[in-house]
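# Architecture and fold: a report
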Amino acid sequence: MAPCWPLGLCLLFLLRSPVSSEEAGSSCHSASRAVKNAGEGGSVYESVSRAEDLRFKYSKKANIERPVQGALQQMAFIPAGVFTMGTDEPAIPQDGEAPSRRVHIRPFYMDRYEVSNAEFEKFVSSSGYITEAERFGDSFVFEGLLSEEVKRTINQAVAAAPWWLPVKGANWKHPQGPDTDIHDRMDHPVLHVSWRDAVEFCAWAGKRLPTEAEWEYSCRGGRENRLFPWGNNLLPNGKHYANIWQGTFPSNDSGEDGYTGTAPVTAFPPNGYGLYNMVGNAWEWTEDWWTVHHSAEETHSPKGPSSGTDRVKKGGSYMCHKSYCYRYRCAARSQNTPDSASSNLGFRCAADTTPDDILEEMKGHSEAVLNR
Ligand SMILES: [Ca+2]
Ligand SMILES: [Ca+2]
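Residues numbered from 1 in each chain as written. Chains lettered and ligands numbered in written order. Predicted model: local features only at pLDDT ≥ 70, side-chain atom pairs only at ≥ 80, totals over all residues. Heavy atoms only, no water.

## Topic: the coordination of the calcium ion (ligand 1)
- Donor atoms from the polypeptide that bind the calcium ion (ligand 1) are N243 (OD1), I244 (O), D257 (OD), D257 (OD) and Y259 (O), placed at 2.3 to 2.5 Å.
- Spacing between the donor residues of the calcium ion (ligand 1) along their common chain follows N-I-x12-D-x1-Y. With N243 in the loop between helix 6 (212–220) and strand 7 (247–248) and Y259 in the loop between strand 8 (252–253) and strand 9 (283–289), this residue pair connects regions lying 16 residues apart in the sequence.
- A residue is classified by how much of its surface remains accessible, and N243, at 0% relative accessible area, is buried. (Donors = N, O, S within 2.8 Å, 3.2 Å for Na, K, Ca; no water. Helix = DSSP H or I, 4+ residues; strand = E, 2+ residues; numbered from the N terminus. Buried < 20%, exposed > 50% of the residue type's maximum accessible area, 1.4 Å probe, protein only.)

## Structural notes on the environment of H321
- Within the secondary structure layout, H321 lies in the loop between strand 11 (311–314) and strand 12 (334–336).
- For H321 and G247, which are 74 residues apart along the polypeptide, the C-alpha to C-alpha distance reads 8.2 Å.
- Excluding residues within four positions of it along the chain, H321 makes contact with W245, Q246, G247, Y326 and Y328. (Contact = heavy atoms within 4.5 Å.)

## Focus: the environment of T291
- When you line up the elements, T291 lands in the loop between strand 9 and strand 10 (299–300).
- With 21 residues separating them in the primary sequence, T291 and V312 have C-alpha atoms 8.4 Å apart.
- In contact with T291, not counting residues within four places along its chain, are P305 and R333.
- One polar contact links the side chain of T291 to the main-chain amide nitrogen of H293, over a distance of 3.1 Å. (Polar contact = N/O pair within 3.5 Å; in protein donor to acceptor, adjacent residues only side chain to side chain.)

## Observations regarding the coordination of the calcium ion (ligand 2)
- Each protein donor to the calcium ion (ligand 2) is listed here as E114 (OE), N277 (O), G280 (O), A282 (O) and E284 (OE); together their distances run 2.4 to 2.7 Å.
- Each donor residue of the calcium ion (ligand 2) lies on the same chain, and together they follow the pattern E-x162-N-x2-G-x1-A-x1-E. With a gap of 163 residues between them, E114 in the loop between strand 4 (108–111) and helix 2 (117–127) and N277 in the loop between strand 8 and strand 9 connect regions that are remote in the sequence. Each member of the pair E114 and N277 is classed as buried.

## Observations regarding the nonpolar core
- Residues F120, W164, F201 and F347 are the most contacted members of the largest nonpolar core, which totals 64 residues.
- Element by element, the count of residues in this core is highest for helix 5 (residues 195–204), at seven residues.
- Within the second largest apolar cluster, seven residues are counted, among which are L146, V150, L165 and V167. (Core = buried A, V, L, I, M, F, W, Y, C linked by side-chain atoms within 4.5 Å.)

## Some words on the packing of helix 2 against helix 5
- Packing of helix 2 against helix 5 brings their axes to within 11 Å, and their N-to-C directions diverge by 80 degrees. Relative to helix 5, helix 2 is oriented roughly perpendicular. Contacts between helix 2 and helix 5 involve E119, F120, K122, F123 and S126 from the first element and E200, F201 and W204 from the second.
- Taken together, the residues that form the contact of helix 2 with helix 5 break down as four nonpolar, one polar and three charged. (Axes fitted to C-alpha atoms, helices over the stretch in contact; angles between N-to-C directions. Parallel < 35°, antiparallel > 145°, perpendicular 65-115°, else oblique. Nonpolar A, V, L, I, M, F, W, Y, C, P; charged D, E, K, R; others polar.)

## Comments concerning the packing of aromatic side chains
- Applying the stated criterion to the full structure yields 24 aromatic pairs.
- On the numbers, 5.8 Å between centres and 15 degrees between planes, the contact of F120 with F201 is stacked. Here F201 lies in helix 5 and F120 lies in helix 2, a separation of 81 residues in the sequence.
- Above the plane of the ring of W195 lies R311, whose end atom (NZ or CZ) is 3.7 Å from the centre.
- The ring of Y326 has R329 sitting right over it, with the charged end atom 4.6 Å from the ring centre. (Phe/Tyr/Trp six-rings, centres within 6.5 Å; stacked < 30°, edge-to-face > 60°. Lys NZ or Arg CZ within 6 Å of the ring centre and 35° of its normal.)

## Some points on unusual backbone geometry
- In this structure, P99 follows A98 across a cis peptide bond, with omega equal to -5 degrees.
- With respect to the helices and strands, P99 occurs in the loop between strand 2 (81–85) and strand 3 (101–105).
- Between F249 and the following residue, P250, the backbone shows a cis peptide bond with an omega angle of 0 degrees.
- Among the secondary structure elements, P250 is positioned in the loop between strand 7 and strand 8.
- Unlike most non-glycine residues, N277 shows phi in positive territory, near 55 degrees.
- Positive phi, close to 45 degrees, is recorded for S301, a residue that is not glycine.
- Within the secondary structure, S301 sits in the loop between strand 10 and strand 11.

## Observations concerning the pattern of salt bridges
- This model, assessed by the stated rule, comprises 16 salt bridges.
- Put simply, E97 and R329 hold a salt bridge, and the shortest N to O gap is 2.6 Å. Of this pair, E97 sits in the loop between strand 2 and strand 3 while R329 sits in the loop between strand 11 and strand 12; the two residues are 232 residues apart in sequence, bridging distant segments of the chain.
- In this structure, the salt-bridge partner of D352 is R208, at a minimum N-O distance of 2.8 Å. (Salt bridge = Lys/Arg side-chain N within 4 Å of Asp/Glu carboxyl O.)

## Quick word on the sheet that holds strand 4
- The three strands lie next to each other as 1-4-14, forming an open sheet whose pairing is antiparallel. Edge positions in the open sheet fall to strand 1 (75–78) and strand 14 (350–351), since each of these has one partner strand only.
- Helix 6 contacts strand 1, strand 4 and strand 14 of the sheet and is inclined by roughly 70 degrees relative to strand 4. (Pairing = 2+ DSSP bridges.)

## Remarks on the pairing of strand 3
- Every second residue of strand 3 is oriented toward a common face, the buried set being R101, V103 and I105 and the non-buried set R102 and H104.
- Note: strand 2 against strand 3, five bridges, orientation antiparallel. Looking at the pairing, M85 lines up with R101 of strand 3.
- Bridge count between strand 3 and strand 10: two bridges; the pairing is parallel. Bridging across to strand 10, V103 finds its partner in T299.

And the structure:
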């Protein structure tokens, strides 16, 4: 079924297989835009920009101002190592959490925080970038966050997940519908960003998206076979370590962890690598195409399938509750089409080296010290 939005954009809502009660926690349906057929045309983007194009687009030659100040401090060095990716005790088997497999990872850098509205605003103001949700004219918003006025104007919902509503005018600047803004949440994760938007931001910042393996390795923070970045106990000493849902989904979020909706990207304690909100708060895009079939063989720096229709997202969000979406675990995973955006999906960037602008700045500083 492909219901059409009044603007003529067909939306194909991803429907997962029916689940049994034993699979409680697996019905976290995603809201996705239609997968465009090859040659159909009319896509927001003619094609996904190639990495080389993006490197030039955001180079100094193109006269685009890039972030430098403080960027290094916001990345953590992730040391090389080998870890157990996935799990042999999958909570949601149909997501392809199994089998567990040994994965070697090269050293890299990871953003300590989800990309915030403040950072995304810097990107937009220096580059003039327009997100896909802005081009499409709509995005998916969780019903519980919408005003009654906006809700009255909407007569569509995602069949399998009626709490997702396509909202005209919802985008990163208006995360809970056109009658909301971000002025009081500049330190919250940017939302309503598609995979392509995330790729563009990271290129501008001199970075890239993490692979799924890098993301999961980062999530685990040096711990082996644990459910969460901090261990196996959801509430160590009764304390909350992530922004998820408490109460009854989707009708009542008690906000016991301190937040209904998103939290600042700096909230809650960091994991062993100094990374914040790897699980909960906002879902995070990764570079990889989605598949649920994995080899149990040992691999080095895997990059996922060479093609696909959906991209992998990791970590769960403030909407996750064990009863219906037990995906705030490092091994958990889900997917969306690359042009999809929603009110609980963001990202963070990775880098192989510190961004070159920062290295230049450091070099300049060293020379200034030597010349004193
Ligand atoms: Ca919460
Ligand atoms: Ca997160």
